[in-house]
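In case you want the letters, here they are:
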Amino acid sequence: MSLIDLLSWDAFGSGWFWSLVVLQWFWHGAQVLGVPADCLHCKDNAQLPMVINWRAKRRLRSAHRAPLVFLAGLSFLVSVVFILGFVYHIEFCAAVAILVVPEVIIFQLGYRTAQSICAKPLGLEACIKALKTLHLKIYATGAAAIFFAGLFGYGFEVLKP
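Residues numbered from 1 in each chain as written. Predicted model: local features only at pLDDT ≥ 70, side-chain atom pairs only at ≥ 80, totals over all residues. Heavy atoms only, no water.

We now examine the overall build of the protein. Regarding its fold elements, the protein presents 6 helices and 2 strands. Tracing the protein from N to C terminus, the helices and strands come up as α-α-β-β-α-α-α-α. Expressed as a percentage of the 161 residues in the protein, the buried residues total 30%. Put simply, 72% of the contacts in the protein that link residues at least 6 apart link residues at least 24 apart. (Helix = DSSP H or I, 4+ residues; strand = E, 2+ residues; numbered from the N terminus. Buried < 20%, exposed > 50% of the residue type's maximum accessible area, 1.4 Å probe, protein only. Contact = heavy atoms within 4.5 Å.)

A few words on the environment of Val100. Relative to the assigned elements, Val100 resides in helix H5 (residues 91–119). As for Val100 and Val78, which are separated by 22 residues in sequence, their C-alpha atoms are 7.4 Å apart.

Another point: helix H3 (residues 48–65). Along its 18 residues, H3 runs 26 Å from first to last C-alpha, staying within 8% of the 26 Å computed at 1.5 Å per residue. Among all positions in H3, only Leu48, Ile52, Ala56 and Leu60 are buried. For H3, the buried positions fall inside an angular range of 100° around the axis, keeping them on one side. Projecting away from the buried face of H3 at angles above 90 degrees are the exposed residues Met50 and Arg65. (Expected span 1.5 Å × (residues − 1). Arc of directions from axis to C-beta.)

To continue, consider unusual backbone geometry. For Leu33, which is not glycine, the phi torsion reads 55° and is therefore positive. In this structure, His89 takes a positive phi of about 60° despite not being glycine. Within the secondary structure, His89 sits in the loop between helix H4 (68–86) and H5. With relative accessibility at 58%, the residue His89 sits in the exposed group.

Residues Phe12, Phe17, Leu33, Ile52, Ile117, Leu131 and Leu134 are the most contacted members of the largest nonpolar core, which totals 30 residues. For this core, the secondary structure elements donating two or more residues are helix H2 (15–30), H3, H5 and helix H6 (124–157). Of the residues forming this core, the biggest block, 9 residues, is contributed by H5. (Core = buried A, V, L, I, M, F, W, Y, C linked by side-chain atoms within 4.5 Å.)

What follows is about the packing of aromatic side chains. On inspection of all chains with the given rule, the structure shows 5 aromatic pairs. Ring plane angle 55° and centroid distance 4.9 Å describe the contact between Phe82 and Phe86, whose orientation is recorded as tilted. One end of the pair, Phe82, and the other, Phe86, are both in helix H4, 4 residues apart, so they sit about a helical turn from each other. An aromatic cluster of at least three residues, connected via ring pairs, comprises Phe82, Phe86, Phe147, Phe148 and Phe152. (Phe/Tyr/Trp six-rings, centres within 6.5 Å; stacked < 30°, edge-to-face > 60°.)

This paragraph deals with a nonpolar patch on the surface. Nonpolar side chains collect at one region of the surface, where Phe76, Leu77, Val80, Ile83, Leu84, Val87, Tyr88 and Ile90 lie side by side and expose about 740 Å² of accessible area between them. Structurally, the position occupied by Val87 is in the loop between H4 and H5. A relative accessible area of 52% means that Val87 is categorised as exposed. (Patch = residues over 30% accessible without salt bridge, like charges linked within 9 Å, V, L, I, M, F, W, Y side chains within 5 Å. Areas by Shrake-Rupley, 256 points an atom, 1.4 Å probe, with all protein chains shown as cover. Salt bridge = Lys/Arg side-chain N within 4 Å of Asp/Glu carboxyl O.)

Okay, the side chain of Thr113 next. Turning to its location among the elements, Thr113 is positioned in helix H5. The exposure class assigned to Thr113 is buried, which follows from its relative accessible area of 11%.

Looking now at the environment of Val96. Relative to the helices and strands, Val96 resides in helix H5. For the pair Val96 and Val81, spaced 15 residues apart in sequence, the C-alpha to C-alpha distance is 7.2 Å.

Here it is as structure tokens:
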């Protein structure tokens, strides 16, 4: 397999797509709302409440600072890529949609978790429980994304007309 084969536009059959999928879900498995997942299971968590609150407030601040034009443009691009991929059956756009749509879902889940952490003062155990629940939701989103990538990859590669 040459470098040209790896960079081909056949998204589901190429190495670049599956490398990005592995990298994307490795990253999301390693951290939750910016807090390393290993810290949620350790016994020495003296600094953990401060880190969790700081990361939650930072997520809320970044979401509130996003200009409306940027959000509208991003929504438009995601919608166009989704329509081109799954209505018009353009394989590259379908692959990009499978990479981008879970990121939007995870951002929304993280935003809601950050809101619940910052809205009322939670104890350390409640914060850790909220982050572990978010981590499980991220895993479920990743499993669904990989399942659909395999399903659509089969449809685009094997069942090609």
